[in-house]
Amino acid sequence: MILSLLAGRPFETDPAPGPLLTPAPDQAPAPAPGVPNREVLDPDLVDQAQNAAGVDWASIVGYAGLVAVALALTLIAITTLWWMLYAWRSKSTYDSTAFSVEPQAPRHTFTLLVPGRHEEEVMGQTLDALAAQTHPYVQIIAIVGDDDPGTTAVVRAAAARHPDRIEVVVDDSVPKNKPKALNRALPLAAGDIVGVFDAEDEVHPELLRHIDSRFTESGATVVQGGVQLMNFRTTWWSLRNVLEYYFWFRSRLHFHAGAKFIPLGGNTVFVKRDALVRNDGWDAECLAEDCELGVRLSSQGEKVVVAYSPEFVTKEETPGTLKSFYKQRTRWNQGFLQVLRKGEWRSLPTRGQRLFARYMLAMPFLQAATGLLIPLSIFLILVVKVPTAVALLTFIPLAPTLVTVAVEIAGIGEFGRLYGQKVRVIDYVRLVLGTIPFQVLLAGAAIRAVFRELRGERGWEKTEHTGAHREEAAPTAAARVLEEVAA
């Protein structure tokens, strides 16, 4: 027995020894009950847990995207709603935006710059309206390209009709754009205030007398007048485009002026000539030269005031085609990005102004980002089972959006009353149904603007005009003045 133990061999009568290696899983004995750390993991359960962990990470990313879109849309909707309602927050604010009932005696001289490119259908009537201004000191400079014989013939004919007021300047710059045309005419401006109008503008004959009075009353360097698109029944998007202008000039620009940071409008804007000369005119490479000039002058501390009365707004038309509108909005957005990158807004004196400027000028980025994330959000909602909390968060933008639509419904009704336009039930229906498609359209234009700017594509995409806003049934106020003068 002892020898057998020393040799490591059992007695012949001993039972057969057990295996030295761990038995296979299907042969392993069941763990003793109550013994810790002896549980055996089921391989199928392990695989399921690993798969579940992967789905959770993907869901987290998707949920974060949904929440980000919801918060971004909510922020944009709330700020837009606040700007829309700014002028109506009190009676004093509302009244302060209007012209004086009786303008003061004229104390300034005016030079009006009217650039036009392939605008032979509308520019002649615009020049006639400007020539009918009742202000005694007005110089009008019509600017045409050297490669545009059609518009050149129209403006020369207008100059022949009004030789005491209209001059013609030929722009030979290459490539051509609006700021280059304005800079070409600036050295010839004789007035102490320079105003800009577009080729299709319908202008009230008393406008300049009220603008002159506003300069005298305020001591401002810049006065921004009102502009209003009129043809709200032309297309499904024209109704919303008309409302955009209504709230922009009626309310939002007054908020900007109060914040002392204002991107100027493209026309019916008046600037003291010495301020323009000191700043070398307009930025010839910027696609939003009006915004750039406003930001530059705001950053220099120049006083900018806004004056708005429905009677004296400059009337215009919406772009005639969806493609034209899309390109116009792309150009504006890209111009904002250029102004943001240029960085002159960093010279604004307060941090609040700089933050506001950054947010305002970065709006194309925000619209582009939300435009890209919206399809992703819709996909996740349809494919992924969204937790209740996340689903509720995605409905947050709905509240300010519904309030905005309600304000727009009231706005189109007020627009109709102010401008003598009958707003039909179908117009209200089109307004509501066009809410989401219009926002998608704006997001698409913002995305295109970002890609154009990244690729360095900065060609000027012109907006065509046909005169859809002009009243054909009755003579305009300017035409009536012309008839009286002729009589």
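What counts and how
Residues numbered from 1 in each chain as written. Predicted model: local features only at pLDDT ≥ 70, side-chain atom pairs only at ≥ 80, totals over all residues. Heavy atoms only, no water. Phe/Tyr/Trp six-rings, centres within 6.5 Å; stacked < 30°, edge-to-face > 60°. Helix = DSSP H or I, 4+ residues; strand = E, 2+ residues; numbered from the N terminus. Buried < 20%, exposed > 50% of the residue type's maximum accessible area, 1.4 Å probe, protein only. Lys NZ or Arg CZ within 6 Å of the ring centre and 35° of its normal. Core = buried A, V, L, I, M, F, W, Y, C linked by side-chain atoms within 4.5 Å. Contact = heavy atoms within 4.5 Å. Axes fitted to C-alpha atoms, helices over the stretch in contact; angles between N-to-C directions. Parallel < 35°, antiparallel > 145°, perpendicular 65-115°, else oblique. Left-handed = near helix turned anticlockwise from the far one by under 90°. Nonpolar A, V, L, I, M, F, W, Y, C, P; charged D, E, K, R; others polar. 1 Å grid on protein atoms, 1.4 Å probe; cavity = no way out; pocket = protein on both sides within 12 Å on 5 of 7 lines; lining within 4 Å. Points joined across faces, edges and corners; volume = space filled by probe spheres on them. Pairing = 2+ DSSP bridges. Right-handed = clockwise from strand over helix to strand, strands pointing away.

Student: An account of the packing of aromatic side chains is requested, with residue identities and associated values reported.
Tutor: Evaluation of the coordinates by the stated rule reveals 18 aromatic pairs. Each ring, one from Trp-88 and one from Phe-247, has its centre 6.0 Å from the other, and the planes form 65 degrees; the classification is edge-to-face. Separated by 159 residues along the polypeptide, Trp-88 in the loop between α2 (43-85) and α3 (91-96) and Phe-247 in helix α8 (residues 236-259) bring together distant segments of the chain. Under the relative-accessibility criterion, Phe-247 is labelled buried at 6%. Their ring planes at 90 degrees and their centres at 5.6 Å tell us that Phe-255 and Phe-356 sit as a pair that is edge-to-face. Taken together, the positions of Phe-255 in helix α8 and Phe-356 in helix α12 (residues 351-361) put the pair 101 residues apart, joining distant regions of the chain. Comparing Phe-255 with Phe-356 shows no difference in burial state: the two are buried. The rings of Trp-83, Tyr-86, Phe-255, Phe-261, Phe-356 and Tyr-359 are connected pair by pair, giving a single aromatic cluster. Over the aromatic face of Trp-88 sits the side chain of Arg-250, whose NZ or CZ is 5.3 Å from the ring centroid.

Student: Give me the lowdown on the nonpolar core, citing residues and values where you can.
Tutor: Formed by 46 residues in total, the largest nonpolar core has its most connected members in Leu-113, Val-271, Trp-282 and Phe-415. A total of nine residues in this core trace back to one element, the largest contributor, which is α8. In contact with Leu-113, other than residues within four places in its own chain, are Ile-141, Ile-143, Leu-182, Ala-185, Val-194, Gly-195, Val-196, Phe-197 and Trp-282. Grouped together as the second largest cluster of nonpolar side chains are 30 residues, Phe-99, Ala-142, Ala-199 and Phe-270 included.

Student: Go over the packing of helix α4 (residues 123-131) against helix α5 (residues 149-161), please, and point to the residues and values.
Tutor: The geometry of α4 relative to α5 is characterised by a closest axis approach of 9 Å and an angle of 25 degrees between their N-to-C directions. Considering the angle they form, α4 stands roughly parallel to α5. Our pair here, α4 against α5, has a crossing hand that is right-handed. Residues Met-123, Gly-124, Leu-127 and Asp-128 of α4 touch α5, and the partners they reach there are Thr-151, Val-154, Val-155, Ala-158 and Arg-161. Looking at the contact of α4 with α5, its residues break down into five nonpolar, two polar and two charged.

Student: Explain the packing of helix α16 (residues 425-433) against helix α17 (residues 435-455) to me, using residue names and the numbers behind them.
Tutor: Remark: α16 packs on α17, axes separated minimally by 4 Å, with the N-to-C direction vectors making an angle of 50 degrees. The angle between α16 and α17 places the two elements in the oblique class. Two secondary-structure elements touch here, α16 through Leu-431, Val-432 and Leu-433 and α17 through Thr-435, Ile-436 and Pro-437. Here the contact of α16 with α17 is built from residues that sort into five nonpolar, one polar and no charged.

Student: Run through empty space enclosed by the protein, naming residues and quoting values.
Tutor: Enumeration according to the criterion identifies one cavity of 30 Å³ or more in this entry. Volume-wise, the largest cavity comes out at about 50 Å³. Considering the residues around the largest cavity, the lining is formed by Lys-178, Leu-182, Val-196, Leu-264, Gly-265, Gly-266, Val-269, Trp-282, Glu-289, Asp-290 and Leu-293. Counting residues per element, the ones that place at least two in the lining of the largest cavity are α6 (178-185) and α10 (289-299).

Student: So what about α10? Which residues, and what values?
Tutor: The buried fraction of α10 amounts to 11 of the 11 residues, a majority that puts the element mostly inside the structure. At the exit of α10 stands Gly-301, carrying a positive phi of roughly 85 degrees.

Student: Tell me about the pairing of strand β1 (residues 110-116), residues and numbers included.
Tutor: Burial analysis of β1 places seven of its seven residues in the buried class, which makes it a mostly covered element. Both faces of β1 are covered, namely the face carrying Phe-110, Leu-112, Val-114 and Gly-116 and the face carrying Thr-111, Leu-113 and Pro-115. Sheet analysis places β1 next to strand β2 (residues 138-145), joined by seven bridges and oriented parallel. What sits directly across from Thr-111, in β2, is Gln-139. The handedness of the β1 to β2 crossover, carried by α4, is right-handed. Pairing analysis gives four bridges linking β1 to strand β4 (residues 193-196), with the strands arranged parallel. Within β4, the position partnered with Thr-111 by the bridge is Val-194.

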